[in-house]
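These are the residues of each chain, in order.
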Amino acid sequence: MHFPVTQLSEKCHTGVSCLSQTRHTLASPLILNQLTDEGFMTRFPAAKILLTAVAVSASFSAFSAGQNTIPEELIAAAKKEGVVYSVGMPDTWANWKGTWSDLEKLYNIRHQDTDMSSAQEIAKFAAEKSNATADIGDVGAAFGPVAVQKDVVQPYKPTTWDQIPDWAKDKDGNWALAYTGTIAFIINNDLVKEQPKSWADLRSGNYRVTIGDVGIAAQANSGVLSAAFALGGNETNIQPAIELFADLAKQKRLSLNDPSVANLEKGEVEVAVMWDFNALNYRDQIDAKRFTVVIPSDGSVTSGYTTIINKYAKNPNAAKLAREFIFSDKGQLNLAEGYARPIRAAHLTLPDDIKAKLLPESQYSKAKPITDFDGWEKTSRQLPKLWQQNVIINMN
């Protein structure tokens, strides 16, 4: 039994059936395609968008999934499938572990993940088609519209749909941002004594900088855009960032190492560029005293991630139940426990112990969202070639 986007249509405007939103590269928790909402810029000025994306306080009295009514028919169908296979949703990323554990405990839904980048997730859906081995993925905001264009996703709007800001979701329910993050530096205190506080500082340091798979991973792409914002560029002009990383490559200070928690723990990463929620999570997971996390003082980008449900999913109802839970109060709190900023922040009040783990709001003063979505989409397509021709070429 599959539940279409129009299920329980009589209750759609009450939030019971208007069901949708979500991770890995970036454009901004709002890389929403203008096709999604043509009046977006008029109704949601950039300043207001950033405030909403970063806000973490409001009125939230309980966080059990029971506070949000999940259709019993969906629960029954998902239980019958009994398993959900994900891609790009590992335990250590934004505390997905908490959500998978809750799904198994509450609904007896087993889970297995294969980690990969946003681009790889969409390519996998497209290549496997009816031979699908994955049901759901989590991709960077810029990749939500791409997945729709590739025709590899199916729509589903969660019951909390009305509480997801319009700028953060596809009107048809194909994707919706579940959480946002801001690009940060994580610094190994044992290896780096003169620690960078800005992108400009990176140029004159004596440490190696790790950014990840530029052109493939949303986190890495967002890191490039963040540097561009800080150094005078924008969504259509990332040349300042390309020049910075090319300079680091010439100095033999650009590392192609993966900025993973394992490599950080082994001391193989000196300074890494990553989402704040990953950096804070890895810091505390390894040893908070060993690492410093900062938002670049001269500029950064705030963006988000969205789940995508495979059009060819073998367990579509389990995938839809996963999306339902992710947007429930408990699911949103799970993400917050993983240091991410829940998209339904205006309807939640985070516990003080979670707030205490986050960076001071003052560090986010120069962070901003993407406003030229078309421009960033075009630049993103050109980024792999630009990176190879201007940065990687200088690695030798």
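Residues numbered from 1 in each chain as written. Predicted model: local features only at pLDDT ≥ 70, side-chain atom pairs only at ≥ 80, totals over all residues. Heavy atoms only, no water.

### Re the overall build of the protein chain
In step 1: Along the backbone of the protein chain there are 15 helices and 11 strands.
In step 2: Expressed as a percentage of the 396 residues in the protein chain, the buried residues total 60%.
In step 3: Carbon and sulfur atoms make up 49% of the accessible area of the protein chain, which totals about 15400 Å². (Helix = DSSP H or I, 4+ residues; strand = E, 2+ residues; numbered from the N terminus. Buried < 20%, exposed > 50% of the residue type's maximum accessible area, 1.4 Å probe, protein only. Areas by Shrake-Rupley, 256 points an atom, 1.4 Å probe, with all protein chains shown as cover.)

### So, the packing of helix 4 (residues 96–107) against helix 12 (residues 316–326)
In step 1: Running from N to C, helix 4 and helix 12 point in directions that differ by 115 degrees, and their axes come no closer than 11 Å. Of the two possible hands of crossing, helix 4 and helix 12 adopt the one that is right-handed. Across from Trp96, Thr99, Trp100, Asp102, Leu103, Leu106 and Tyr107 in helix 4, the residues of helix 12 making contact are Leu321, Ala322, Phe325 and Ile326.
In step 2: Partitioned by chemical class, the residues of the contact of helix 4 with helix 12 number 9 nonpolar, 1 polar and 1 charged. (Axes fitted to C-alpha atoms, helices over the stretch in contact; angles between N-to-C directions. Left-handed = near helix turned anticlockwise from the far one by under 90°. Contact = heavy atoms within 4.5 Å. Nonpolar A, V, L, I, M, F, W, Y, C, P; charged D, E, K, R; others polar.)

### Section: the side chain of Asn310
In step 1: Here Asn310 lies in the loop between strand 9 (300–309) and helix 12.
In step 2: A distance of 3.0 Å separates a polar atom in the side chain of Asn310 from the backbone nitrogen of Tyr312.
In step 3: Ignoring anything within four residues of it in the chain, the contact list for Asn310 reads Phe125, Ala132, Ala134, Asp135, Val152 and Gln154. (Polar contact = N/O pair within 3.5 Å; in protein donor to acceptor, adjacent residues only side chain to side chain.)

### Let's talk about the packing of aromatic side chains
In step 1: This model, assessed by the stated rule, comprises 12 aromatic pairs.
In step 2: Centre to centre, the rings of Phe277 and Tyr305 are 6.4 Å apart; their planes meet at 85 degrees, and the pair counts as edge-to-face. Here Phe277, found in helix 11 (residues 276–286), pairs with Tyr305, found in strand 9; they are 28 residues apart in sequence, far enough to count as distant. As far as the burial class goes, Phe277 and Tyr305 line up, both buried. (Phe/Tyr/Trp six-rings, centres within 6.5 Å; stacked < 30°, edge-to-face > 60°.)

### Examining the layout of surface pockets
In step 1: When its volume is computed, the second largest pocket comes out at roughly 320 Å³.
In step 2: Around the second largest pocket, the lining comprises 14 residues; the ones closest to its centre are Phe143, Val146, Glu377, Ser380 and Arg381.
In step 3: Listed by contribution, the elements that provide at least two residues to the lining of the second largest pocket are helix 5 (118–128), helix 6 (143–149) and helix 15 (373–390). (1 Å grid on protein atoms, 1.4 Å probe; cavity = no way out; pocket = protein on both sides within 12 Å on 5 of 7 lines; lining within 4 Å. Points joined across faces, edges and corners; volume = space filled by probe spheres on them.)

### A closer look at helix 12
In step 1: In terms of residue burial, helix 12 counts as a mostly covered element, since 11 of its 11 residues are buried.
In step 2: Considered for burial, the residues of helix 12 that qualify are Pro316, Asn317, Ala318, Ala319, Lys320, Leu321, Ala322, Arg323, Glu324, Phe325 and Ile326.

### Brief notes about the pattern of salt bridges
In step 1: Going through the model one piece at a time under the given rule, you end up with 13 salt bridges.
In step 2: In this structure, Lys330 and Asp102 form a salt bridge, with 2.9 Å as the shortest nitrogen-oxygen distance. Highlighted residues: Lys330 in helix 13 (residues 329–337) and Asp102 in helix 4, separated in sequence by 228 residues. The two residues Lys330 and Asp102 agree in class, both being buried.
In step 3: For Asp151, the salt bridge goes to Lys311, with nearest N and O atoms at 2.8 Å. In this pair, Asp151 sits in the loop between helix 6 and strand 4 (177–188) while Lys311 sits in the loop between strand 9 and helix 12, placing the two residues 160 residues apart along the sequence.
In step 4: Note on Lys311: relative accessible area 35%, which makes it partly exposed. (Salt bridge = Lys/Arg side-chain N within 4 Å of Asp/Glu carboxyl O.)

### Concerning unusual backbone geometry
In step 1: A positive phi angle, close to 60 degrees, is found at Asn95, a residue other than glycine.
In step 2: According to the relative accessible area criterion, Asn95 is buried, its value standing at 17%.
In step 3: Located in the positive-phi region is Asn108, a residue other than glycine, with phi close to 60 degrees.
In step 4: By secondary structure assignment, the location of Asn108 is in the loop between helix 4 and strand 2 (110–114).

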